[in-house]
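Residue-level listing of the chains:
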Amino acid sequence: AAVGLKARVAAALERANARLRAIKRAHGDRVVGEVTVNMVAGGMRGITAMLYETSLLDAEEGIRFRGRAIPELREKLPKARGGEEPLPEGIMWLMLTGEIPSEAQVRTLSAELAARAEVPKVVFDALDALPKNAHPMTQLSVALMAMQPESKFAKAYQDGAHKTTFWEHAFEDSMDIIARLPAVCAAIYRRTFKDGTLVAADASLDWAANFAHMMGHDSEAVKELMRLYMTIHVDHEGGNVSAHATHLVGSALSDPYLSLVAGLNGLAGPLHGLANQEVLKWLNETREKVGDNATKEELTEFVWATLKSGRVVPGYGHGVLRKTDPRYTCQREFALKHLPDDPMFKLVGKLFEVVPGVLTETGKVKNPWPNVDAHSGVLLQYYGITEANFYTVLFGASRAIGVLSQLTLSRGSGYPIERPKSVTSQWIEEKFGKVEA
């Protein structure tokens, strides 16, 4: 499959590069948008400034992976035998090639990842050297850094590889990293939250099912949840912190290990990857205050109390999206099927009926609808994955598929090193006029 997938990526890159050259010739001098001082001073939000092929966020429809919406992908991507959720191997194939893979292509990719999945002993030695209280995301960064000396990209660059072959070495590293992530993440989970005994991989299982198995969760429902979770968190445009950090560091021709760790360290920040933990904390607080059988009126009152205390309602709103996040919707459908009577799921459903109205009434919120984080923690909790500190690791394992796919494509299209211009506040005043504080 690696040969099969690699050949498909090579063909896709040839077409993409011809198209990119034509776009530059036809539209190279066109203006994409304007930049205001507020954008410059506001985290560059709203500035269109990078090329990123694997996904695009539509304000009305949500995320599209290679032009396809989540409901379509849930239907069309290959599934495990007897399962109903898409296999992450399928989304990986789509990200890299732009094509929906066949069942046979996905099965061979699963087997190829399993064949690359052995984790070097040095990784476990590095984890064992860390303090017992090291955060799981710190452990994940260290584990990947311990593998970095094996980078095929770094070696090829040192050996003088031609730049037209850079993508091939990035592809090889990316395949190795993605193949090993389930075992590495499961080891972090077992040593941090369980008794430290590791569960051996089962080569007959697909990538996500093996992930659940090595964590010690073997029910078919958990495996299905893991397939869904790993598919829907895979990518979310290129401007978010984890995707952009990976892309930025990769543009300096840092290898995929170094680049991914940069992205994961961004994901570890509370403003990016900790949202579903915040949601769980707030849901537990809500249950404590109003109980499991709260009326809409009681919940409305509690939501207002949250806002009046100066806090936000976690799990609602999004920087770009202006409707209910389709990643929320598919998790809700999963819950309706597998855990319709779970009290936490029922609470999430009741809040869905209440929160948007309250947020709209404040007049301050552009998007009052739930996002992906409003639901994922509840599903994980239900199936016994209760260790909220581990959730960002799961998020990171999924996000690696998207950012490493784009990293491979970026090298294949010869994207240059990223270097935007920065200015000082004095420059702004000199350009537009002095102000009085």
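The structure we're discussing is the one just above.
Conventions we followed
Residues numbered from 1 in each chain as written. Predicted model: local features only at pLDDT ≥ 70, side-chain atom pairs only at ≥ 80, totals over all residues. Heavy atoms only, no water. Helix = DSSP H or I, 4+ residues; strand = E, 2+ residues; numbered from the N terminus. Buried < 20%, exposed > 50% of the residue type's maximum accessible area, 1.4 Å probe, protein only. Contact = heavy atoms within 4.5 Å. Areas by Shrake-Rupley, 256 points an atom, 1.4 Å probe, with all protein chains shown as cover. Lys, Arg positive; Asp, Glu negative; His and termini not counted. Charge placed at Lys NZ, Arg CZ, Asp CG, Glu CD. Axes fitted to C-alpha atoms, helices over the stretch in contact; angles between N-to-C directions. Parallel < 35°, antiparallel > 145°, perpendicular 65-115°, else oblique. Left-handed = near helix turned anticlockwise from the far one by under 90°. Nonpolar A, V, L, I, M, F, W, Y, C, P; charged D, E, K, R; others polar. Pairing = 2+ DSSP bridges. Salt bridge = Lys/Arg side-chain N within 4 Å of Asp/Glu carboxyl O. Phe/Tyr/Trp six-rings, centres within 6.5 Å; stacked < 30°, edge-to-face > 60°.

As for the overall build of the protein
For the protein, the count of helices and strands is 20 helices and three strands. A buried classification covers 50% of the 437 residues belonging to the protein. At a minimum sequence separation of 6, the contacts of the protein that also span at least 24 residues come to 77%. Taken as a whole, the protein presents about 20600 Å² of accessible surface, with 54% of it coming from carbon and sulfur. Across the protein, 50 positive and 52 negative side-chain charges occur, with their mean positions spaced 4 Å apart.

Digging into unusual backbone geometry
Leaving glycine out, the prevailing phi sign among residues is negative, and the prevailing peptide bond configuration is trans. Unusually for a residue other than glycine, Met44 sits at a positive phi of about 60 degrees. Within the secondary structure layout, Met44 lies in the loop between α2 (37-41) and β1 (55-58). Taking the relative accessible area as the measure of exposure, Met44 reaches 47% and is therefore partly exposed. For Arg66, which is not a glycine, the phi torsion comes out positive at approximately 50 degrees. As for its position among the elements, Arg66 is in the loop between β2 (62-65) and β3 (68-69).

Description of the packing of helix α6 (residues 121-128) against helix α9 (residues 166-193)
For the pair α6 and α9, the least separation of the axes is 11 Å and the interaxial angle reads 30 degrees. Relative to α9, α6 is oriented roughly parallel. For the pair α6 and α9, the sense of crossing is right-handed. Taking contact as the criterion, the partners of Val123, Phe124, Leu127 and Asp128 in α6 are, on α9, Val184, Ala187, Ile188 and Arg191. Here the residues of the contact of α6 with α9 are counted per class, giving six nonpolar, no polar and two charged.

Overview of the pairing of β1
Only one face of β1 is covered, namely the face carrying Ser55 and Leu57; the face carrying Leu56 and Asp58 is uncovered. Bridge count for β1 against β2 is four bridges, and the pairing is antiparallel. Each bridged residue has a counterpart across the sheet, and for Asp58 the counterpart in β2 is Gly62. Between β1 and β2, which pair antiparallel one after the other, the connecting turn spans three residues.

Re the pattern of salt bridges
What the rule picks out here adds up to 29 salt bridges. In this structure, the salt-bridge partner of Arg116 is Asp176, at a minimum N-O distance of 2.8 Å. Within this pair, whereas Arg116 is found in the loop between α5 (103-115) and α6, its partner Asp176 is found in helix α9, the two being separated by 60 residues in sequence. Both residues of the pair, Arg116 and Asp176, belong to the buried class. Connected through shared salt-bridge partners, Lys6, Glu112, Arg116, Lys152, Glu172 and Asp176 make up one network.

So, helix α12 (residues 241-251)
Three or more residues of α12 are buried, namely Ser242, Ala243, Ala245, Thr246, His247, Gly250 and Ser251. Residues of α12 that are buried in the fold lie against α13 (256-267) and α19 (391-412). Positive backbone phi, approximately 65 degrees, marks Leu253, located one or two places after α12.

Concerning the sheet that holds β3
The three strands lie next to each other as β1-β2-β3, forming an open sheet whose pairing is antiparallel. A single partner strand is all that each edge strand has here, and the edge strands are β1 and β3.

Observations concerning the packing of aromatic side chains
Per the stated rule, a full pass over the model turns up 11 aromatic pairs. Residues Trp282 and Phe302 carry aromatic rings whose centres are separated by 5.9 Å and whose planes lie at 35 degrees to one another, so their mutual orientation is tilted. With Trp282 in helix α14 (residues 275-290) and Phe302 in helix α15 (residues 296-308), this residue pair connects regions lying 20 residues apart in the sequence. For the pair formed by Trp282 and Phe302, the shared burial category is buried. Cluster of aromatic residues (ring-pair linked, three or more members): Phe153, Tyr157 and Phe166.

Let's talk about the environment of Trp93
Summarising the element assignment, Trp93 is placed in helix α4 (residues 88-97). C-alpha of Trp93 to C-alpha of Leu336: the two residues are 243 residues apart in sequence and 29 Å apart in space. Residues contacting Trp93, with those up to four places away along its chain left out, are Gly4, Leu5, Arg8, Gly98, Glu99, Pro101, Gln105 and Leu109.

Considering the pairing of β2
Where β2 and β3 come together, two bridges link them in antiparallel fashion. By the bridge assignment, Arg64 is partnered in β3 with Ala69. Between β2 and the antiparallel strand that follows it, β3, lie two residues; Arg66 among them carries a positive phi value of about 50 degrees.

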